[in-house]
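Working through the structure, step by step
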Amino acid sequence: MRFLLDDEQRAFAHSLDALLTAADSPSVVRSWGAGDHTAGLALWSRVADAGVFALAVPETYEGVGPLPVELAVAFVELGRHAVPGPLVETVAAAALLSEPGLAKRFLPGLASGETIATVAALDGSCGSYALDGDAATIHLAVDSGKGDEGSAGGELRLTQGHGPVRTSMDPARRLTRLAETGGELLATGPQVTAATAHALTWARLATAAQALGVGLTLLDRTVAYVKQRSQFGVPIGSFQAVKHRLADAKVALEFARPLLFGAALTMDPADVAAAKVTACEAAYTTARTALQLHGAIGYTAEYDLSLWLTKARALRTAWGTPGECREMVLK
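I will try to describe carefully the structure that is included in this document. Per-chain numbering applies: the sequence of each chain, read as written, is numbered from 1 onward. Given that this is a predicted model, residues contribute local features only at a pLDDT of at least 70 and side-chain atom pairs are listed and counted only at 80 or more, while totals for whole chains, interfaces and linings are drawn from all residues. No hydrogens and no water enter the side-chain calculation; it runs on all heavy atoms of the structure.

**Structural notes on the sheet that holds strand S5 (residues 162–166)**
On the basis of which strands lie adjacent, the open sheet formed by three strands has the order S2-S6-S5 and antiparallel pairing. One side of each edge strand has no neighbouring strand; the edge strands of this open sheet are strand S2 (129–131) and S5. Averaged over all pairs of adjacent strands, the angle between their axes in this sheet comes to 35 degrees, without regard to strand direction. Here, strands pair whenever DSSP counts at least two bridges between them. Numbering goes from the N terminus for both helices and strands, where a helix is a DSSP run of H or I of at least four residues and a strand is a run of E of at least two. As judged from the three bridges shared by S5 and strand S6 (residues 175–178), these two strands associate in the antiparallel manner. Bridged to Arg166 within S6 is Leu175. Axis lines are fitted through C-alpha atoms, for helices just across the contact stretch, and the angle between N-to-C directions can take any value from 0 to 180 degrees.

Listed below in structure tokens is the structure:
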């Protein structure tokens, strides 16, 4: 099946691309990784003004959604420009806080960008660390209750602060442990377990789209590079072996694209898991190809390519490892 975006969706993607290009996202990413959130929060506000976070929030709570296809369109562009921050986590929080009382309290802020959310321990898929806890304004800790014998359901808690920031393989993804005591109990029971599964599906969709965008930029930059770099008096892009590697990366990314938008249409957990593993593996494959074809310069943190290389590796296991996603597909 061939999935094509309509004119409005393409215009939305182009407008986001223009916004993010003008923002000089590589410099924003580097500042964010160094702990300076000023430029990143300014960009976050512009992304929110463009309506990105409102796509995950129902109209009842000042959003325009839920619109998963448009959200996927937006996150492809966010990935293409390596935009930092707890983007996926804010979308997951919008799905977690769907109970009317909580939705009325939190969702308008998430839709407008005034509230930045991070989430930890969501169904075990995020580990015990929250992303960018030092930049987030609300910190959600979730125990889904799955796998606990005799459990009456899960628990959703608003925590008080976070621990020290720890670096990860992607310097722009800053990890923190959330406070284990105190805070406010927001919800308990089976509804939290259901909300957790729903939020995980949205998070995996956004991660898949982000990974696809990362892979597309890695491919574009590598194609441009091999046209410029010469050996034996000719561009290395003219070598058959180089063409084969780039063709394999292109095929992998183009195969992931219809799976992503097909999953956005159905929002079936298995479809989304398939899209997530396919897009992330395609981005990771493209990253390895980009690193090999760039040679030594590809290993330097000062070269902008590294901003996408490290993100491709980090997204591969975020919100579900390849093994976990494959298991979901085979259920």
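The rest of the description comes next.
**A word on the side chain of Ser25**
Of note, Ser25 is situated in helix H2 (residues 25–33). A relative accessible area of 3% places Ser25 in the buried class. When near neighbours in sequence (up to four residues on either side) are disregarded, Ser25 contacts Leu20 and His81. Three exposure classes are used, based on accessible area relative to the maximum for each residue type with a 1.4 Å probe and protein chains only: buried under 20%, partly exposed in between, and exposed over 50%. The contact criterion used is simple: two residues touch if any of their non-hydrogen atoms lie within 4.5 Å.

**Regarding helix H6 (residues 100–112)**
The α-helix advances 3.6 residues per turn, and as a result positions three or four apart in sequence lie on the same side. Compared with an ideal rise of 1.5 Å per residue, which puts 13 residues at 18 Å, H6 spans 18 Å between its outermost C-alpha atoms and is within 8% of the ideal. If you check which residues of H6 are buried, you get Leu102, Ala103, Phe106, Leu107, Pro108, Gly109, Leu110 and Ala111. Of the surrounding secondary structure, the elements contacted by the buried residues of H6 are helix H3 (38–49), helix H5 (87–96), strand S1 (117–120), strand S3 (138–143), strand S4 (154–158) and strand S7 (184–189). Gly113 occupies a position one or two residues after H6 and carries a positive phi of about 90 degrees. Multiply 1.5 Å by the residue count of a helix minus one, and that product is the helix's expected span.

Functional significance is not addressed by these values, which are geometric in nature.
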